[in-house]
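Chains, contacts and geometry: an overview
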Amino acid sequence: MGKIILTGDRPTGRLHVGHYVGSLKRRVELQNSGEYDKIYIMIADAQALTDNADNPDKVRENIIEVALDYLACGLDPEKSTLFIQSQIPQLTELSFYYMNLVTVSRLQRNPTVKTEIKMRNFEASIPVGFFTYPISQAADITAFQATTVPVGEDQMPMLEQTKEIVHKFNSVYGETLTDPAILLPENEACLRLPGIDGKSKMSKSLGNCIYLAEEPEEIKKKVMSMYTDPDHIKITDPGKLEGNTVFTYLDAFSRPEHFERYLPDYQNLDELKAHYQRGGLGDVKVKKFLNHVLQEELEPIRNRRKVYEKDIAYVYDILRKGSIEAEKTAQQTLNDVKNAMRINYFEDKELIARHTAKYQDQ
Ligand code: TRP
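In this report, we go over the structure that sits alongside the text. Please read all numbers here as calculations on a predicted model, not as lab measurements. Every residue gets a number counted from 1 within its own chain, in the order that chain's sequence is written. In keeping with the model being predicted, local features are shown solely for residues with a pLDDT of at least 70 and side-chain atom pairs are shown and tallied solely at 80 or more, while totals for entire chains, interfaces and linings include all residues. Remark: hydrogens and water are excluded; side-chain values derive from all non-hydrogen atoms of the structure.

Counting from the N terminus, the helices are DSSP H or I runs at least four residues long and the strands are E runs at least two residues long. Along its length, the protein chain carries 17 helices and 5 strands. Viewed in the frame of its principal axes, the protein chain has a C-alpha envelope of about 100 × 45 × 40 Å. Out of the 362 residues belonging to the protein chain, those deemed buried represent 52%. In short, Shrake-Rupley with a 1.4 Å probe defines the accessible areas, and a residue's cover is counted only from the protein chains shown. Accessible surface computed for the protein chain: about 18200 Å², of which carbon and sulfur atoms make up 52%. Of the side-chain charges in the protein chain, 46 are positive and 54 negative, and the distance between the mean point of each set is 2 Å. The cut-offs for exposure are 20% and 50% of the maximum accessible area for each residue type, with area from a 1.4 Å probe on protein chains only; residues under the lower value are buried, those over the upper are exposed, and the others partly exposed. Charge counting treats Lys and Arg as positive and Asp and Glu as negative, with His and both chain ends excluded. In this description, the location of a charge corresponds to atom NZ of lysine, CZ of arginine, CG of aspartate or CD of glutamate.

So, in structure tokens, the structure goes:
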């Protein structure tokens, strides 16, 4: 069957550097490694609607933004299939059958769903579609027989739910679905990149993101305003690295060659960290270095995005073609699923023959 990737994002806003280190960068590396037989990248608009039902325009407007960010990062439509979730009706059909294999209490225990219910103040009035989105995510993954799902750590409970559905399906109906593996970012700092305010996660609603399409002056402004160690007041004070956003970003982004180029007094990040902890190193110097590092990383992304922005019709065409191709694959899986579930009445010649025989004798 080969190695198959499926992953995606909800189109509720532009993508930011948290998405980039947490997943996008890795996707491009995996794409270019040549180790995968198929790569599917999905814009999860149907999932976005599970908690934006009354705001369809937000989802509609952001599909192109996410597609542009994907292409800007180096996802290549020649190598990866980019598609829109809602255009693949087979995913809905699969979800409906998987629903029989999952209990309400199991969904209630899903940690990601729990946190999101709190975040959205859904407590007393959870939309059913939102509550069951882990099942629909299992449909996304299994429809493409994905072996590998590169996502951030927050998606771990979704993968566990998917694996349970796969095991249950295969044990009830016979081996049909592929058991997927999660692929987490390797770098600790990339698992959950904090917002520039040091708050747990980058989020549009908190206004603490650096977007991939951000202009250079904006990047600089945001870096210079980043949260560091509040007790590091004078340069001579010893500084703390824990919870220090600037250092977390350096963990995620900096490489030894950046030191050669922008801060040759230090060989590497360990030396810089040691000096900061000893005292005698000011925040501004570290922030300026981080600014250089981020500018270098984001410049080619921003420039590539601008090229695609000039041909939006072409980008929609990529999504249309990708969706047609994705639908074919999903249909094959749906056929397998319906065969396994014995709801393939019209394809099953034996069924008709058997029932014919049953009534012939009377
Ligand atoms: N839940 C993912 C997010 O919040 C989006 C998503 C939907 C997804 N279906 C998926 C990711 C399947 C990986 C695999 O961004």
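The next subject is the packing of aromatic side chains. Here is the rule: rings of Phe, Tyr and Trp (six-membered ring for Trp) pair when centre to centre is within 6.5 Å. Planes less than 30 degrees apart are stacked, more than 60 are edge-to-face, and the remainder are tilted. Across all of its chains, the model carries 10 aromatic pairs by this definition. Seen from their ring centres, Phe-83 and Phe-144 are 5.2 Å apart, and the 45 degrees between their planes marks the pair as tilted. Placement of the pair is Phe-83 in strand β3 (residues 81–84) and Phe-144 in the loop between α8 (133–143) and β4 (148–150), with a sequence separation of 61 residues. Under the relative-accessibility criterion, Phe-144 is labelled buried at 1%. Taking the centre distance of 6.1 Å and the plane angle of 70 degrees together, the rings of Phe-96 and Tyr-97 count as edge-to-face.

Turning next to the environment of Tyr-249. Relative to the elements of secondary structure, Tyr-249 occurs in helix α12 (residues 245–253). For Tyr-249, a relative accessible area of 0% puts it in the buried group. Sequence spacing of Tyr-249 and Gly-74 is 175 residues, and the spatial spacing of their C-alpha atoms is 21 Å. What Tyr-249 contacts, discounting residues up to four positions off in sequence, is Val-17, Leu-193, Pro-194, Gly-195, Ile-196, Met-202, Ile-210, Met-226, Ser-254, Leu-290 and Leu-294. By definition in these notes, contact holds between two residues if any of their heavy atoms fall within 4.5 Å.

This paragraph deals with the nonpolar core. In terms of nonpolar packing, the biggest core is built from 61 residues, with Ile-210, Tyr-249, Phe-253 and Leu-272 touching the most fellow members. Top element by residues in this core is helix α3 (residues 56–73). It accounts for 9 residues. In terms of nonpolar packing, the next biggest core, distinct from the first, is built from 35 residues, Ile-4, Ile-165, Val-166 and Ala-330 among them. Note on terminology: a nonpolar core comprises buried Ala, Val, Leu, Ile, Met, Phe, Trp, Tyr and Cys residues joined through side-chain atoms within 4.5 Å.

Throughout this description, the term salt bridge denotes a Lys or Arg side-chain nitrogen within 4 Å of a carboxyl oxygen of Asp or Glu. Following the criterion strictly, the structure yields 26 salt bridges and no others. Among the salt bridges present, the one from Lys-240 reaches Asp-229, with a minimum N-O distance of 3.5 Å. One end of the pair, Lys-240, is in the loop between α11 (216–224) and α12; the other, Asp-229, is in the loop between α11 and α12, with 11 residues separating them in the sequence. Salt bridges here are not isolated pairs; linked through shared partners, they connect Arg-14, Glu-65, Asp-69, Arg-305 and Glu-309.

Expected helix span is given by 1.5 Å per residue-to-residue step, counting one fewer step than there are residues. Compared with the 39 Å implied by 1.5 Å per residue over 27 residues, the 36 Å span of helix α15 (residues 283–309) between its first and last C-alpha is a close match. The sharpest bend along α15 comes to roughly 35 degrees, located at Leu-298, with the proline Pro-300 sitting one to four residues further on. Values of bend correspond, residue by residue, to the angle between axes fitted over the seven residues ending at that residue and the seven starting there.

This next bit is on the environment of Gln-295. Examined against the element boundaries, Gln-295 turns out to sit in helix α15. Residue Gln-295 is classed as buried on the basis of its relative accessible area, which comes to 17%. In sequence terms Gln-295 and Glu-215 are 80 residues apart; their C-alpha atoms lie 9.3 Å from each other. Dropping the residues within four chain positions of it, Gln-295 is found in contact with Pro-216, Ile-219, Lys-220 and Arg-302.

These results come straight from atomic positions and should not be treated as a statement about function.
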